[in-house]
Amino acid sequence: MKFVDSAKISIKAGDGGRGSVSFRREKYVPKGGPDGGDGGRGGHVYLRANRQLATLLDFKYRKSYIADRGEHGMGARKSGKDGKDIVIGVPCGTVVRNAETGEMMCDMVEDGQEVLIAKGGRGGWGNQHFATATRQAPRFAQPGEKGDEFELEMELKLMADVGLVGFPNAGKSTLISVLSAARPKIADYPFTTLVPNLGIVRYEDYKSFVMADIPGIIEGAAEGRGLGIQFLRHIERTKTLLVMVPANSEDIAAEYETLLKELEKFDPALLSKPRLAVITKMDIAPEEFAVPELDPDVKVIAISSVAGQGLKALKDELWRQISASNQTSADDAGN
Ligand SMILES: Nc1nc2c(ncn2[C@@H]2O[C@H](COP(=O)(O)OP(=O)(O)OP(=O)(O)O)[C@@H](O)[C@H]2O)c(=O)[nH]1
Ligand SMILES: [Mg+2]
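Scoring rules and cut-offs
Sequence order as written defines the numbering, with residues in each chain counted from 1. The order in which chains are written sets their letters, starting at A; the order in which ligands are written sets their numbers, starting at 1. Per-residue local features of the predicted model are confined to residues with pLDDT of at least 70, and side-chain atom pairs are confined, for both listing and counting, to 80 or more; whole-chain, interface and lining totals are unaffected and use all residues. Side-chain calculation: all heavy atoms of the structure are included, whereas hydrogens and water are not. Numbering of helices and strands runs from the N terminus; a helix is a DSSP stretch of H or I covering at least four residues, while a strand is a stretch of E covering at least two. The classification of residues rests on relative accessible area computed with a 1.4 Å probe and restricted to protein chains. Under 20% of the type maximum is buried, over 50% is exposed, and intermediate values are partly exposed. What qualifies as a polar contact is a pair of N or O atoms within 3.5 Å, subject to a donor-acceptor requirement within protein and to the restriction that residues adjacent in sequence count only when both atoms come from side chains. Whether two residues are in contact is decided by their heavy atoms: any pair within 4.5 Å suffices. For this description, a residue counts as near a given molecule or strand if any of its non-hydrogen atoms is within 4 Å of it. Note that accessible areas follow from Shrake-Rupley with a 1.4 Å probe, and for residues the cover is restricted to the protein chains shown. Charged means Asp, Glu, Lys or Arg here, nonpolar means Ala, Val, Leu, Ile, Met, Phe, Trp, Tyr, Cys or Pro, and polar covers whatever is left, Gly included. Paired rings are identified among Phe, Tyr and Trp, the last through its six-membered ring, by centres lying within 6.5 Å, and are further divided according to the angle between planes into stacked (under 30 degrees), edge-to-face (over 60) and tilted (the rest).

> For the side chain of serine 177, give the residues involved together with the corresponding values.
Looking at the secondary structure, you find serine 177 in helix 2 (residues 172–179). Owing to a relative accessible area of 13%, serine 177 belongs among the buried residues under this scheme. One polar contact links the side chain of serine 177 to the main-chain carbonyl oxygen of threonine 174, over a distance of 2.7 Å. Non-local contacts of serine 177, meaning those with residues more than four positions away in its chain, are made with Ala182, Arg183, Pro184 and Ile186.

As structure tokens, this is what we get:
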């Protein structure tokens, strides 16, 4: 499943500071020589790949990045300070193009990779540099150079972090629709979802993750019943799975076991992924419903997408698992 996230932002590196026109003033020295300092360099703009970032969602909220200009030069040969550089974090896998020309500028692959994307302008020279034997009092200095300025287009092929697994009608599409901007079809009949949907879930500031909603699976799916389970390959590389059973199911434990069995038949490795058991539709749970223990060492979270119950707890737990998995993959890579 290819799902592409994209964003367009404008970037401006700082302009260089102006060189200073100044002459030395000292007691008993009537005509001091030129001592105008140089302007500082404008701030550069860098991109840095960060594996903690999963999506380009933050760029929907902030679209303009401007680095400070360099300070102007001063008298007494004092140079202006350089403008502060800025570093923009992007997810690993982001391809960056110049929005106007379409030219590819960089491919941010590895965690920590840093690219100088827009150069700050060089500071102008102060008049101290322009004195010659015949021109001892230059009354001019260089202006600073302009910083680079352009629009960037970023593109990221998304990989789902979380896969939703459940019988048809379990409320998978409804969940993704309340947690993200995805608007899949939702209906009170089985097999409403025929193709996978991805949604970007925002979690606190500057954090987000990707959720995949796939068609429901039923007992015997591995043998081709229902829509079959070829869709499970879309969640083979997710970091975690949500195994979802509605609170009004006739036998929650049996339904949960069936789901695990179908997952296992498709690929036993799916069972060694971290997972969460999620009881959905708590707003229509039978009276005196008690959330069951389903699976040793697997948390059970009770939610209602309709009533908004348990969603915060669910996101917290998902984020915890996703960050733990990011950490492990970093350790595996020897970082
Ligand atoms: N009362 C209640 N109904 C819900 C809740 N979540 C989903 N539903 C209803 O359950 C039905 C099925 O929801 P979907 O989100 O389409 O279920 P699904 O798991 O995506 O189903 P498939 O795509 O067929 O696999 C719809 O009528 C939803 O309105 C909930 O939290 N409470
Ligand atoms: Mg659905």
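> Describe the environment of arginine 41, naming the residues involved and giving the relevant values.
With respect to the helices and strands, arginine 41 occurs in the loop between strand 1 (4–12) and strand 2 (45–50). The spatial distance from the C-alpha of arginine 41 to the C-alpha of alanine 13 is 10.0 Å, given a sequence separation of 28 residues. Ignoring any residue separated from it by four or fewer positions in sequence, one finds arginine 41 in contact with Asp15, Gly16, Gly70, Lys81, Asp82, Gly83, Asp85, Gly120, Gly121 and Gly123. Among the polar contacts made by the side chain of arginine 41, one reaches the side chain of aspartate 85 at a distance of 3.3 Å.

> Give me the site of ligand 1: which residues, what numbers.
In the vicinity of ligand 1, 22 residues are found, and the nearest of them are Lys172, Thr174, Phe191, Thr193 and Asp283. One of the backbone N or O atoms of alanine 170 is found 3.1 Å from an oxygen atom in ligand 1. Relative to its unbound accessible area of 650 Å², ligand 1 is 89% covered by the protein chains. Taken together, the residues of the shell around ligand 1 break down into 9 nonpolar, 9 polar and 4 charged.

> For the packing of aromatic side chains, give the residues involved together with the corresponding values.
What describes a pair of aromatic rings is the distance from one ring centre to the other and the angle between the planes of the rings. The tally for this structure, following the rule as stated, stands at 5 aromatic pairs. Seen in terms of ring centroids, tryptophan 125 and phenylalanine 130 are 6.2 Å apart; in terms of plane orientation they differ by 50 degrees. Their pairing is tilted. The class of phenylalanine 130 is buried, set by a relative accessible area of 17%. Ring centres of phenylalanine 209 and tryptophan 319 lie 6.2 Å apart, and the angle between their planes is 35 degrees; this geometry places the pair in the tilted category. Pair noted here: phenylalanine 209 is in strand 11 (residues 208–213) and tryptophan 319 is in helix 4 (residues 311–332), with a separation of 110 residues, a long-range link.

Coordinates in, geometry out; function isn't part of it.
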